[in-house]
Amino acid sequence: MSVLPLDAADDASTQVAPPSSRRRLLPAALRRPGPLLAVGWLLLVVLLSFTAPLWRPYEVNDQDLANRLSLPSGAHWLGTDPLGRDLLSRIFTAGAEPLLAAAVTVAVAFGIGIPLALIAAERGRRVEQVISRCTEMLMALPSTIILLAVIGVIGVRTYVVMAVLGVLISAAVYRIMLGVAQSVRQRLYVDAARVNGLGSLRVNTVHVLPAMATVIAVQAAQLFGIAILINAGLAFLGFGPAEPVPSWGIMIQDASGHVYDAPWLMVPTGVVLALTVVAANVLADALAGKVAHVTAPARSRRPAPVRVADAAPADPAAVLEVRHLTVSVDDGPQLVSDVSFTVAPGRVLGLVGESGCGKTMTARSLLGLLPDGVSVSGGQVLWQGRDLAGLTEKQANGVRGREIAMISQEPMVALDPMFSIAYQLIGPIRRFRGVGRFEARQIAAQLLRQVGIVDADRVLKSHPHQLSGGMAQRVCIALALTGEPQLLIADEPTTALDVTVQAEILSLLRALVRDTGLSVVVVSHDLGVVADICDDVVVMYAGQVVESGRTAPVLDDAAHPYTMALLGANPHVPDGAPMPTRLASIAGTVPAPGSWPTGCRFAGRCQFTQAECTVPFPALPAHGDGTVLCTRVHEVHDAGVSWHAERAGAELPPAAGARHAAEPTPTAGASR
Ligand SMILES: Nc1ncnc2c1ncn2[C@@H]1O[C@H](COP(=O)(O)OP(=O)(O)OP(=O)(O)O)[C@@H](O)[C@H]1O
């Protein structure tokens, strides 16, 4: 296996980031002391309440009748109540119950709400709808009446009542947590963990829950404050401990009867209660400031519907054969229509097209990683005699990572920021290869060296934020290799990287294909990448394959006007050709799914459109074993026309028509 050395720039950028956030911690805390004070107060109340029997100056029922309703004094620091009992002793003796009761409510609400949210986020729309409808029914119940009814049946059993309150609130917790869990689950590192064969429980506990921790903490802190108020409110109404047992609710009720003759009586208990609730909210606000905003649409992990496999044998020369694949929004439009292609062993196939053409949907269908509400509605993905489109989630797990692996365009997001590179590599290696920790670490280092990382030991100890984009992508490729897959799906593997690093990653992929016989499907909108690395190319437009074949003939002699237009808009300029002052563009946009025209979907933007283009027509053979989907292909080709881009105002050199502008770049030329 070849080792590709890193260039100096890439290596230099892998230096450990300065811990500037740590340096800023103290001044920030001093600038905004609210959260610190809140934590301090909560800790103080908890400490004083739970240790009250050890330090209180008086027993809670000791009466000093000579000092009834007294103001604060040396003998009674917070004064006394109507029976001359010491307020300080009673307030903090009473504190343990509301604190514990609120904790019970929080534990029950989150203990139910979080698992339900994780299940709903994982199992897809149908399960989510069932759980959501049930929780909506729970939310529709009148909580106060239910609590009073429960008290009527079981009596004043504070902790049970607060647990019932937790059950009622769990519906609201579920709603909040569902959105967060769905957002977290669509992060690339969760996909990567699934592709690496991690079971559902481990994905949730190792990757999803830690990412939800801040939101959970915010909501828990808020609910804690609310539950304390509800507990005090119930006691105020007489549904709490009975006299002479102290409770915050009864003490406030007592004080409310002396608002005019002894207004101070309200102050100590009211202030302690109010400060405790406010502190919980301040803490929640401070935590909320740290919540990462996750706004991408959620995706489910629902398996694609099972279809009966075609009896006809798959192409014997192909490692993967996609036949008439159709992907649709459930009860909605098609996103990908009738896509067919094959991937041969040791070859690289490029899926290319403008944004929104269906490349990613096609690539994700191969691994059953379609978004929530989107599924394979027709066709087959034949892999070693099995139709991958018909596998259950469990069966797909057996293929992902082991047989087919994936790398994505955002290497930084594809790695879990919480764990070291060693942790993220060793887990899949042990799972896939059945080796011990020590051997797994050695394999991890070897894989890192295989992807061109020279100082593997240091990188193993690093966390993702300590790596440059290029290094992170190399780590992602190493991660993809942990299961020794035969097919690698690379979704825009170089888009997020700068140009020099792009070239290195492409070289690495080429070397891997050459040295291991790996097959690769590359998703890209960049014809330079396709020319550089792909043996075969599939050009997609509006969910269809419009042209396919070996890369060299397709790029050198494009048959479909869309491919010509893509080539004309390609920013790469061939050696010796003058640099155009403006780049050509293809007028118009890709029609949205559901509004595709009948006949040629490119007709609305094509310079060669005629009436015959508006009726459906079949794909024609082209480029040897490839295809082209254009009814006028022969006329356009025989007339020797090429795409021109006047409408975009491009000033291309006369000889640099569509084909020439797309000739392989110097890098591309070297590779082919
Ligand atoms: N979750 C979804 N629900 C419904 N439609 C979707 C969803 N995700 C993508 N689409 C639509 O499916 C079509 C194909 O999207 P896809 O992501 O496969 O395109 P693409 O060619 O890979 O583009 P890009 O390079 O921007 O990712 C687009 O019209 C897109 O708007």
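Residues numbered from 1 in each chain as written. Predicted model: local features only at pLDDT ≥ 70, side-chain atom pairs only at ≥ 80, totals over all residues.

**A word on the overall build of the chain**
Right, on to step 1. Scanning the chain from terminus to terminus reveals 26 helices and twelve strands.
Right, on to step 2. Counting over 672 residues, the chain shows a buried share of 47%.
Right, on to step 3. Counting contacts in the chain only where the partners sit at least 6 residues apart, residues at least 24 apart contribute 70% of the total. (Helix = DSSP H or I, 4+ residues; strand = E, 2+ residues; numbered from the N terminus. Buried ≥ 20, exposed ≤ 12 C-beta atoms within 10 Å, placed from the backbone. Contact = placed C-beta atoms within 7 Å.)

**Regarding the sheet that holds strand E1 (residues 320–329)**
Right, on to step 1. Spatially, the four strands line up as an open sheet ordered E2-E1-E4-E5, and their pairing is antiparallel. Each edge of the open sheet is held by one strand with a lone partner, namely strand E2 (334–343) and strand E5 (386–387).
Right, on to step 2. Where E1 lies against strand E4 (residues 374–383), eight bridges are found, and the strand directions are antiparallel. Its bridge partner being in E4, Val322 is matched across the sheet by Val381. (Pairing = 2+ DSSP bridges.)

**Section: the pairing of strand E6 (residues 404–407)**
Right, on to step 1. With burial as the criterion, each face of E6 is covered, one bearing Ile404 and Met406 and the other bearing Ala405 and Ile407.
Right, on to step 2. Taken together, the four bridges between E6 and strand E7 (residues 487–491) define a ladder with parallel strand orientation. Counted as the bridge partner of Ile404 is Leu487 from E7.

**Observations regarding the site of the ligand**
Right, on to step 1. What surrounds the ligand is a group of 17 residues, the closest being Ser355, Lys359, Thr360, Met361 and Pro371.
Right, on to step 2. Among the elements that line the shell around the ligand, the one with the most residues is helix H13 (residues 359–365), at three residues.
Right, on to step 3. In terms of residue class, the shell around the ligand is made up of nine nonpolar, seven polar and one charged. (Near = placed C-beta within 6 Å. Nonpolar A, V, L, I, M, F, W, Y, C, P; charged D, E, K, R; others polar.)

**Description of the sheet that holds strand E9 (residues 536–541)**
Right, on to step 1. With mixed pairing, the eight strands of this open sheet are ordered in space as E6-E7-E8-E3-E9-E10-E12-E11. Edge strands, defined here as strands with exactly one partner in the open sheet, are E6 and strand E11 (620–622). Between one strand axis and the next, the sheet turns by 25 degrees as a mean value, whatever way the strands run.
Right, on to step 2. Across four bridges, strand E3 (residues 348–352) lies against E9 in parallel orientation. Among the inter-strand pairings, Leu349 is bridged to a residue of E9, identified as Asp536.
Right, on to step 3. Against the sheet, helix H19 (residues 469–481) contacts E6 and E7, and its axis sits at roughly 170 degrees relative to E6. (Axes fitted to C-alpha atoms, helices over the stretch in contact; angles between N-to-C directions.)

**Here we look at the UniProt feature "transmembrane region" (unreviewed entry) in the chain**
Right, on to step 1. The residues that UniProt annotates with the feature "transmembrane region" (unreviewed entry) are residues 34–55, 99–121, 133–154, 160–178, 223–242 and 262–284.
Right, on to step 2. Note that residues 34–55 is 95% helix and 0% strand, and that its end C-alpha atoms are spaced 28 Å apart.
Right, on to step 3. The distance from the first to the last C-alpha atom of residues 99–121 is 32 Å, and the span holds 100% helix and 0% strand. (UniProt positions renumbered as here; feature names shortened; annotations may be inferred.)

**Brief notes about helix H16 (residues 421–433)**
An α-helical turn contains 3.6 residues, so any two residues separated by three or four positions project in the same direction.
Right, on to step 1. Given a rise of 1.5 Å per residue, 13 residues ought to cover 18 Å, and the 18 Å separating the end C-alpha atoms of H16 matches this to within 8%.
Right, on to step 2. Looking at H16, one finds that the buried residues are Ile421, Ala422, Gln424, Leu425, Ile426, Gly427, Pro428, Ile429 and Phe432.
Right, on to step 3. Against the buried residues of H16 lie helix H17 (437–450), helix H18 (456–461) and H19. (Expected span 1.5 Å × (residues − 1).)

**Thoughts on the pairing of E3**
Right, on to step 1. In terms of residue burial, E3 counts as a mostly covered element, since five of its five residues are buried.
Right, on to step 2. Across five bridges, E3 lies against strand E8 (residues 519–524) in parallel orientation. Opposite Val352, over in E8, you have Ser524 as the bridge partner.

**What to know about the environment of His463**
Right, on to step 1. Tracing the backbone through its elements, the reader meets His463 in the loop between H18 and H19.
Right, on to step 2. Each C-alpha atom, one on His463 and one on Met418, is 7.5 Å from the other, the two residues being 45 residues apart in sequence.
Right, on to step 3. Leaving out residues up to four positions away in the same chain, His463 has contacts with Pro417 and Ser420.

**Here's the deal with the confidence of the model for the chain**
Right, on to step 1. Looking at the chain as a whole, its pLDDT mean stands at 81, while 83% of the residues score no less than 70.
Right, on to step 2. A low-confidence stretch, residues 1–24 (pLDDT under 50), is modelled with 33 contacts involving residues beyond four sequence positions or located in other chains.
Right, on to step 3. Throughout residues 646–672 the model reports pLDDT below 50, and contacts reaching past four residues in sequence, or to other chains, amount to 62 contacts.
Right, on to step 4. Of the two predicted TM-score estimates for the complex, the pTM is 0.61 and the ipTM is 0.95. (pLDDT = per-residue confidence, 0-100.)

**Overview of the nonpolar core**
Right, on to step 1. Counting 184 residues, the largest nonpolar core has Ala117, Ala181, Ala227, Ala444, Val475 and Ile489 as the members making the most contacts within it.
Right, on to step 2. Of all the elements, helix H5 (residues 87–123) adds the most residues to this core, at 19 residues.
Right, on to step 3. Looking at which domains feed residues into this core, each of domain 1 (39–49 + 78–288) and domain 2 (318–401 + 522–672) supplies at least three. (Core = buried A, V, L, I, M, F, W, Y, C linked by C-beta atoms within 7 Å. Domains from an automatic or database assignment.)

**Topic: the environment of Leu265**
Right, on to step 1. For Leu265, the position within the fold is in the loop between helix H11 (248–256) and helix H12 (266–288).
Right, on to step 2. Sequence spacing of Leu265 and Ala255 is ten residues, and the spatial spacing of their C-alpha atoms is 5.3 Å.
Right, on to step 3. Those residues in contact with Leu265, other than ones at most four positions away along the chain, are Leu69, Asp81, Ala255 and His258.

**Examining unusual backbone geometry**
Most peptide bonds adopt trans geometry, and most residues besides glycine take a negative phi value.
Right, on to step 1. Cis peptide bonds are those with omega within 30 degrees of zero, and the linkage from Glu243 to Pro244 qualifies with 10 degrees.
Right, on to step 2. For Pro244, the position within the fold is in the loop between helix H10 (200–236) and H11.
Right, on to step 3. A positive phi angle, near 45 degrees, is found at Ala542, a position not held by glycine.
Right, on to step 4. Among the structural elements, Ala542 can be located in the loop between E9 and strand E10 (544–550).

**Concerning the environment of Leu44**
Right, on to step 1. With respect to the helices and strands, Leu44 occurs in helix H3 (residues 34–50).
Right, on to step 2. Accessibility expressed as a C-beta count within 10 Å gives 14 for Leu44, which makes it partly exposed.
Right, on to step 3. Sequence separation of Leu44 and Thr276 is 232 residues, and the distance between their C-alpha atoms is 9.9 Å.

**Quick notes on the packing of H5 against helix H6 (residues 125–140)**
Right, on to step 1. Two numbers describe how H5 lies on H6: the axes approach to 7 Å, and their chain directions differ by 150 degrees. When the axis of H5 is compared with that of H6, the two are roughly antiparallel. Contacts from Leu116, Ile119, Ala120 and Arg123 in H5 reach Val127, Glu128, Ile131 and Ser132 in H6.
Right, on to step 2. Residue classes in the contact of H5 with H6 are distributed as five nonpolar, one polar and two charged. (Parallel < 35°, antiparallel > 145°, perpendicular 65-115°, else oblique.)

**Notes on the packing of H5 against helix H8 (residues 158–185)**
Right, on to step 1. In the contact formed by H5 and H8, the axes pass within 5 Å of each other and the chain directions differ by 35 degrees. In this structure, H5 crosses over H8, and the sense of that crossing is right-handed.
Right, on to step 2. Here the contact of H5 with H8 is composed, by residue class, of 24 nonpolar, six polar and three charged. (Left-handed = near helix turned anticlockwise from the far one by under 90°.)

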